[in-house]
Amino acid sequence: MNSLEAQFEARIAAEDKIEPKDWMPDHYRKTLIRQISQHAHSEIVGMLPEGNWITRAPSLRRKAVLLAKVQDEAGHGLYLYSAAETLGADRDTLINDLHSGKAKYSSIFNYPTLTWADMGAIGWLVDGAAIMNQVPLCRTSYGPYARAMVRVCKEESFHQRQGYEIMLTLCRGSAEQKAMAQDALNRWWAPSLMMFGPKDADSPNTEQSMRWKIKRFSNDELRQKFVDATVPQAEYLGLTIPDPDLKWNEEKMGYDFGELNWEEFYNIVSGNGPCNRQRIQARKKAYDEGKWVREAAMAHAEKMKTRKESQAA
Ligand code: 3HC
């Protein structure tokens, strides 16, 4: 290990925040660009399943809340692309990698949103899982990522609460509404657990990411925390978690739960999920249609820059 690497490791051990201009191992930089850019892609693609219900929300209030949430996700994505750029990543390249299928985004966004209850289940479970994963990221060793997560987590808690409120309203409604909530839980429970990634034993990145304090907990640890926190919430709703193997384990003071369908997970991660193609097509269409906006903004920025330079001359 050369002295630069030794100094870097000592800084990580001392809980220093690594900043953009600091020396860092290439692999640390690459890992962060990979994780942060895929996180950003997930936020942007994540707008699509919920965007599908904005025009069909059951009330003006629900429409306004859902609109605010989807807009937040866009902001999270742009925030995270900016964090990736502090590592020298080029935004157009990152977005082309998403469109070409080279870059990943969270598997959860490749499922269809079939009923209004899905908006509740997504807020409650998907944003709930995102919070479980993102709160520790507020302490990740890379400064810009940690700081971005503080802002993101504040908004995620609103996302989770509004989703849980939708589920509560449905569960206190008619028998049909409660059945719709149970159906949504049945379809979104397992995919939400898969958001935490493969089992630790099958994760090629976790060990190094934990050593570099990019990750503060492993995939399985966060998945377990999420299950333990969410089961009582389902009980309060009067809903049944769709896992016959779910059982409280007094010894570990947590729930045992059934094996996930990892074949489904890897199928989706490799692009063969129910909505993968439709999601990427929608992103490509939006990107093409937004070209004039980007060009206008760049032209305006250039004009402002020239005007400032001529005033300074
Ligand atoms: N969907 C798609 N790909 C996944 C995945 C998932 N749910 N979980 C893991 N993968 C991929 C990884 O990206 C990695 O592939 P790569 O090396 O080509 O990037 C491979 O599967 C092996 O997984 P690892 O566990 O070894 O990879 P990581 O150490 O990167 O851990 C992670 C995966 C836990 C998702 C981690 O990257 C992470 O914490 N990312 C930041 C949070 C994030 O991206 N969350 C996604 C959802 S964002 C969201 O929910 C927004 C909210 O507003 C709704």
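Conventions adopted
Residues numbered from 1 in each chain as written. Predicted model: local features only at pLDDT ≥ 70, side-chain atom pairs only at ≥ 80, totals over all residues. Heavy atoms only, no water. Core = buried A, V, L, I, M, F, W, Y, C linked by side-chain atoms within 4.5 Å. Buried < 20%, exposed > 50% of the residue type's maximum accessible area, 1.4 Å probe, protein only. Helix = DSSP H or I, 4+ residues; strand = E, 2+ residues; numbered from the N terminus. Contact = heavy atoms within 4.5 Å. Phe/Tyr/Trp six-rings, centres within 6.5 Å; stacked < 30°, edge-to-face > 60°. Lys NZ or Arg CZ within 6 Å of the ring centre and 35° of its normal. Disulfide = S-S within 2.5 Å. Expected span 1.5 Å × (residues − 1). Salt bridge = Lys/Arg side-chain N within 4 Å of Asp/Glu carboxyl O. Near = heavy atom within 4 Å. Polar contact = N/O pair within 3.5 Å; in protein donor to acceptor, adjacent residues only side chain to side chain. Areas by Shrake-Rupley, 256 points an atom, 1.4 Å probe, with all protein chains shown as cover. 1 Å grid on protein atoms, 1.4 Å probe; cavity = no way out; pocket = protein on both sides within 12 Å on 5 of 7 lines; lining within 4 Å. Sits in = over half its atoms within 2 Å of the grid points. Points joined across faces, edges and corners; volume = space filled by probe spheres on them. Nonpolar A, V, L, I, M, F, W, Y, C, P; charged D, E, K, R; others polar.

Structural notes on the nonpolar core
Okay, so step 1: Counting 48 residues, the largest nonpolar core has Trp-124, Leu-125, Trp-188, Trp-189 and Leu-237 as its most contacted members.
Okay, so step 2: Counting only elements with at least two residues in this core, the list comes to helix H4 (60–85), helix H6 (117–137), helix H7 (143–171), helix H8 (175–194), helix H10 (219–237) and helix H11 (262–269).
Okay, so step 3: Ranked by residues supplied to this core, first place goes to H6 with eight residues.
Okay, so step 4: Apart from the residues within four sequence positions on either side, Trp-124 is in contact with Gln-160, Gly-163, Tyr-164, Met-167, Leu-185, Thr-230, Gln-233, Ala-234 and Leu-237.

A short note on the packing of aromatic side chains
Okay, so step 1: Applying the stated criterion across every chain yields a total of twelve aromatic pairs.
Okay, so step 2: Where Phe-196 meets Phe-226, the ring centres are 5.5 Å apart and the plane angle is 45°; that geometry is what we call tilted. One end of the pair, Phe-196, is in the loop between H8 and helix H9 (206–211); the other, Phe-226, is in helix H10, with 30 residues separating them in the sequence.
Okay, so step 3: Following the ring pairs from residue to residue traces out a cluster consisting of Phe-8, Trp-23, Tyr-28 and Trp-212.
Okay, so step 4: The aromatic ring of Trp-53 is capped on one face by Arg-56, whose charged end is 4.2 Å from the ring centroid.
Okay, so step 5: Across the ring face of Phe-217, the terminal group of Lys-225 is positioned such that the distance to the ring centre comes to 4.4 Å.

Some details on the state of the cysteines
Okay, so step 1: Applying the stated criterion across every chain yields a total of zero disulfides.
Okay, so step 2: Free cysteine Cys-138: the closest other cysteine sulfur is in Cys-153, separated by 3.8 Å.
Okay, so step 3: Note on Cys-138: relative accessible area 22%, which makes it partly exposed.

Details of H10
Okay, so step 1: Helix length check: H10 (19 residues) gives 27 Å between terminal C-alpha atoms against 27 Å at 1.5 Å per residue, within 8%.
Okay, so step 2: What H10 keeps buried is the set Asn-219, Leu-222, Arg-223, Gln-224, Phe-226, Val-227, Thr-230, Val-231, Ala-234 and Leu-237.
Okay, so step 3: Contact partners of the buried residues in H10: H6, H7, H8, H9, strand E2 (254–256) and H11.
Okay, so step 4: Among the residues trailing H10, Gly-238 stands out with phi positive, at a value near 80°.

A look at the pattern of salt bridges
Okay, so step 1: Applying the stated criterion to the full structure yields 22 salt bridges.
Okay, so step 2: Here Asp-22 makes a salt bridge to Arg-11, at a shortest N to O gap of 2.9 Å. Of this pair, Asp-22 sits in the loop between helix H1 (3–13) and helix H2 (26–45) while Arg-11 sits in helix H1, and the two are eleven residues apart along the sequence.
Okay, so step 3: Asp-22 gets classed as partly exposed once you look at its relative accessible area, which sits at 22%.
Okay, so step 4: Take Arg-11: its relative accessible area is 25%, and that puts it in the partly exposed class.
Okay, so step 5: Measuring nitrogen to oxygen at the nearest pair gives 3.8 Å for the salt bridge that ties Asp-97 to Lys-102.
Okay, so step 6: With relative accessibility at 18%, the residue Asp-97 sits in the buried group.
Okay, so step 7: Linked by salt bridges that have partners in common, Glu-50, Lys-69, Glu-73 and Asp-127 make up one network.

A closer look at the site of the ligand
Okay, so step 1: Around the ligand sit 32 residues in total, of which Glu-73, Lys-104, Glu-156, Ser-203 and Asn-219 are the nearest.
Okay, so step 2: In the environment of the ligand, a nitrogen atom lies 2.8 Å from a nitrogen or oxygen atom belonging to the backbone of Ser-107.
Okay, so step 3: Between the ligand and Asn-219, the relevant distance is 2.8 Å, taken from an oxygen atom to a side-chain nitrogen or oxygen of the residue.
Okay, so step 4: In isolation the ligand exposes 990 Å². Once the protein is present, 90% of that is buried.
Okay, so step 5: Put simply, the ligand lies in the largest pocket.

Concerning the layout of surface pockets
Okay, so step 1: Estimated volume of the largest pocket: approximately 1,100 Å³.
Okay, so step 2: Lining the largest pocket are 46 residues, with Gln-38, Ser-106, Met-195, Phe-196 and Gly-197 positioned closest to its centre.
Okay, so step 3: Secondary structure elements with two or more residues in the lining of the largest pocket: H2, H4, H6, H7, H10 and H11.
Okay, so step 4: Of the residues forming the lining of the largest pocket, the biggest block, nine residues, is contributed by H6.
Okay, so step 5: Looking at side-chain class alone, the lining of the largest pocket contains 19 nonpolar, 15 polar and twelve charged residues.

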